[in-house]
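These are the residues of each chain, in order.
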Amino acid sequence: MRYVVIMAGGSGTRLWPLSRRGTPKQLLEIFDGKSLLRLAYERVAGMVPDAQILTCTSRAYADVVAQQLPELPHDNILGEPVGRDSLNAVAWSAGVLADRDPDAVVAMVTADQIIEPVAEFRRSLERAFDVVDSHPEALVTLGVLPTSPHTGYGYLHRAEALDGFDGVHTLAEFKEKPDRETAQKYVDSGEYWWNAGMFVWRAQNLLDQLAALLPDTANKIARIVADPSQLDELFPTLEKTSVDYAIMEPVSAGRTGARVVAVGLDVDWRDVGGYLSLAEQFETDADGNTVAGVVVTVDSQGCILINMSDAEHLVAGLGLRDTLVVHTHHTTLVAPLDATERVKELVEQVRGSRGEQFA
């Protein structure tokens, strides 16, 4: 049977202080009253029954996830005791599903992106499922048709087309986030897609690749699945690494008997990783300011001003240029827009000097 796992365990540090330890970005209900997690669920709802949709998240978020996704059975919320990067999220999910259904085919989708139109996304995901049905040895990755030389995304270098499927290619290699000149070459060549970080595979196939490439991790995942009481003991000891680095890159290089296949996504795909990408989701005023909440500006241009406190608190901007202002009930952040990618660095300083109270 087919399953979907929504990966929703990130901390969203680059959106601090909107996103905090207890309320990460994927749970913030700021997109017309919905969260990124809820939007991710609605993109796949109906493609498989709700009983076959799972989410892998932090245990600390499990109660909020259950509130936002009441359609899911409680046992379908997998709560990691600690974050150990994407490999272990997908490996544990694959182990749980292979134990439930040895023939499980699973789509791993993310909860930190805006994707439109949804109908096109669903068509591509359905195509990816069909590829795995026809080629059980395939690990399918989804690639977004690039619209610009974006330096914040990884890239997929396509090889020959896969017979019988439109918009599907074998993969030559994964490329890490490039500089702008290299990214422009990738886009100009027409041979590269953005790496969407979403996958479809047979659960057992993923576990087989894990056993071949990282046998210690595979052994521990198997032990956790066989005896869930060992989760807290074993999960923190898993090697912390990404699924791209640990599985997809070596498989695409021919180190195992599987192969990597890429399915194209012809969609408007926005990874909500920081304030600049978040601002793209909202309208701007006549001066190019993105404003949310109770805000007043005078002679201010190109700013992002977000007020998430109650309606009795006003954020006012005077004479500002290209400035970020974020106010919540516990923290106020002010920074030039060209420094927003350093917010994670600031959070580490806050944590070091003020503890977890404001982090």
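Quick note: structure is the one above.
Calculation criteria
Residues numbered from 1 in each chain as written. Predicted model: local features only at pLDDT ≥ 70, side-chain atom pairs only at ≥ 80, totals over all residues. Heavy atoms only, no water. Helix = DSSP H or I, 4+ residues; strand = E, 2+ residues; numbered from the N terminus. Buried < 20%, exposed > 50% of the residue type's maximum accessible area, 1.4 Å probe, protein only. Expected span 1.5 Å × (residues − 1). Arc of directions from axis to C-beta. Contact = heavy atoms within 4.5 Å. Patch = residues over 30% accessible without salt bridge, like charges linked within 9 Å, V, L, I, M, F, W, Y side chains within 5 Å. Areas by Shrake-Rupley, 256 points an atom, 1.4 Å probe, with all protein chains shown as cover. Salt bridge = Lys/Arg side-chain N within 4 Å of Asp/Glu carboxyl O.

**Q** Before we go on, may I ask you to explain the environment of Gly-22 in this structure?
**A** By the element assignment, Gly-22 lies in the loop between β1 (2–8) and α1 (36–44). According to the relative accessible area criterion, Gly-22 is partly exposed, its value standing at 46%. Distance from Gly-22 to Glu-116, taken between C-alpha atoms, is 28 Å for residues 94 residues apart in sequence.

**Q** Is there a simple way to think about helix α7 (residues 215–226) in this case?
**A** Structurally, the α-helix is built with 3.6 residues per turn, so residues lying three or four positions apart point the same way. Here α7 spans 16 Å end to end across 12 residues, near enough to the 16 Å set by a 1.5 Å rise per residue. Taken residue by residue, α7 has Thr-217, Ala-218, Lys-220, Ile-221, Ile-224 and Val-225 as its buried positions. All buried residues of α7 lie within an arc of 165 degrees about the axis, which places them on one face of the element. The exposed residues of α7 that point more than 90 degrees off its buried face are Pro-215 and Ala-226. Summarising the contacts, the buried residues of α7 are in contact with α3 (85–100), α6 (203–213) and α8 (231–234).

**Q** For this particular structure, what's the right way to read the side chain of His-169?
**A** Note on placement: His-169 falls in strand β8 (residues 168–175). Here His-169 falls in the buried class, since its relative accessible area comes to 18%. The contact partners of His-169, leaving out residues within four places of it in the chain, are Arg-158, Ala-159, Glu-160, Ala-161, Leu-162, Trp-193, Val-261 and Ala-262.

**Q** So what exactly am I meant to see when it comes to helix α11 (residues 343–354) here?
**A** Counted at 1.5 Å a residue, the expected span for α11 with its 12 residues is 16 Å, and the 16 Å between its end C-alpha atoms agrees. Here α11 has its buried residues at Val-343, Val-347 and Val-350. The buried residues of α11 occupy one face: seen down the axis, they fall within an arc of 60 degrees. Those residues of α11 that are exposed and aimed more than 90 degrees away from the buried face are Gln-349 and Gly-352. Lining the buried residues of α11 we find β17 (332–336). After α11 finishes, the residue Gly-355 shows a positive phi value of roughly 75 degrees.

**Q** Looking at this model, I keep getting lost on a nonpolar patch on the surface. Mind explaining?
**A** A cluster of nonpolar side chains, namely Val-294, Val-296, Val-298, Leu-314 and Leu-318, defines an oily patch on the protein surface of about 450 Å² accessible area. Relative accessible area serves as the criterion here: at 48%, Val-298 is assigned to the partly exposed category.

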